[in-house]
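# Summary of structural features
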Amino acid sequence: MIAYVEGKVAEIRDNACVVITDGGVGYEIFLPARTVAGLLGKGGRVSLYTSHVTREDAQELYGFESWDERVTFGVLTTISKVGARTALGILSVFRPDDLRRIVLDDDALALTRVSGIGKKTAQHVFLELKYKLDTEGLPATASAPAGRPAGVYRDALDGLGGLGYAEDEAGPVLKAVLREEPDLDVSGALRAALKALAKGRG
């Protein structure tokens, strides 16, 4: 596993660069757009944490400015329907702390700013990030509108808990409901989840 590359930039493309290490080995590394924009140009030195992604038809190296960004890339690629290129696109728009604030502010629609991510996919990615992304120690931003309602998922899950359903039973069902119908409000999500839960117990 190649986890870190340091050297001189030999070539720069829209979404990648070629780095020549001091030992003379050259690596093509795909980068978030923000990182490409920050390169000093050919001949400049760069240090990158990297993630080596192996597919059936290719082996690719992805580079990041920080370890946190590399870890977040790994989290994103564990989400179904989010491949390495989509994860890179997300990190081209949002830094890891931006994604944590999206989770804390229940702002799934923010993810639609990423090219190729529509409302339904954004909701799917958001629900997975709520479980997988560590937000401990990060305060909620003051920029969220006053009186903003809590997320549909959390409110609906709380409602199901009040009806006697354990979170480990109700959570996966509710997530599936919201993936299929991301426009549901709390009442609609509750009704659909209750129907699915009743069918599962039947």
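Scroll up for the structure.
Here's what I pulled together on the structure shown here.

So, how was this worked out
Residues numbered from 1 in each chain as written. Predicted model: local features only at pLDDT ≥ 70, side-chain atom pairs only at ≥ 80, totals over all residues. Heavy atoms only, no water. Helix = DSSP H or I, 4+ residues; strand = E, 2+ residues; numbered from the N terminus. Buried < 20%, exposed > 50% of the residue type's maximum accessible area, 1.4 Å probe, protein only. Contact = heavy atoms within 4.5 Å. Lys, Arg positive; Asp, Glu negative; His and termini not counted. Charge placed at Lys NZ, Arg CZ, Asp CG, Glu CD. Pairing = 2+ DSSP bridges. Axes fitted to C-alpha atoms, helices over the stretch in contact; angles between N-to-C directions. Parallel < 35°, antiparallel > 145°, perpendicular 65-115°, else oblique. Left-handed = near helix turned anticlockwise from the far one by under 90°.

## What to know about the overall build of the protein
If you tally the helices and strands in the protein, you get eight helices and five strands. Considering only C-alpha atoms, the protein reaches an extent of 65 × 40 × 30 Å along its principal axes. Relative to its 202 residues, the protein shows a buried fraction of 40%. Summarising the internal contacts of the protein: among those between residues at least 6 apart in sequence, 54% fall at separations of at least 24. Looking at the protein, you have 25 positive and 28 negative side-chain charges, and the mean spots of the two groups are 3 Å apart.

## Some thoughts on the sheet that holds strand β2 (residues 16–21)
The five strands lie next to each other as β1-β2-β3-β5-β4, forming a closed barrel whose pairing is mixed. Strand after strand, the sheet turns through a mean of 55 degrees between neighbouring axes, direction not considered. Note that strand β3 (residues 26–30) and strand β5 (residues 59–64) share two bridges and pair parallel. By the bridge assignment, Phe30 is partnered in β5 with Tyr62. Across the sheet, helix α2 (residues 67–76) touches β4 (45–54) and β5, and the angle it forms with β4 is around 15 degrees. Across the sheet, helix α3 (residues 84–93) is in contact with β3, β4 and β5; its angle to β5 comes to roughly 15 degrees.

## Topic: the pairing of β3
Both β2 and β3 contribute to a ladder of five bridges, which runs antiparallel. Paired with Ala16 across the bridge in β3 is Phe30. A loop of four residues connects β2 with β3, the two strands running antiparallel in sequence, and Gly24 in this loop sits at a positive phi of about 90 degrees.

## Let's talk about the packing of α2 against α3
Angle between the axes and distance between the axes are the two parameters that describe a pair of packed helices. In the contact formed by α2 and α3, the axes pass within 9 Å of each other and the chain directions differ by 135 degrees. Judged on the interaxial angle alone, α3 and α2 are oblique. α3 is crossed by α2, and the crossing has right-handed handedness. In this structure, α2 uses Glu69, Thr72, Phe73 and Leu76 to contact α3, whose residues at the interface are Ala84, Ala87, Leu88, Ile90 and Leu91.

## Some points on unusual backbone geometry
Glycine aside, a negative phi is what most residues show, and trans is what most peptide bonds show. The phi torsion at Lys81 lies on the positive side, around 75 degrees, for a residue other than glycine. For Lys81, the location among the structural elements is in the loop between α2 and α3. With a relative accessible area of 78%, Lys81 lands in the exposed category. At Asp106, a position not held by glycine, the phi torsion is positive, near 55 degrees. Using a relative accessible area of 21% as the deciding quantity, one classes Asp106 as partly exposed.

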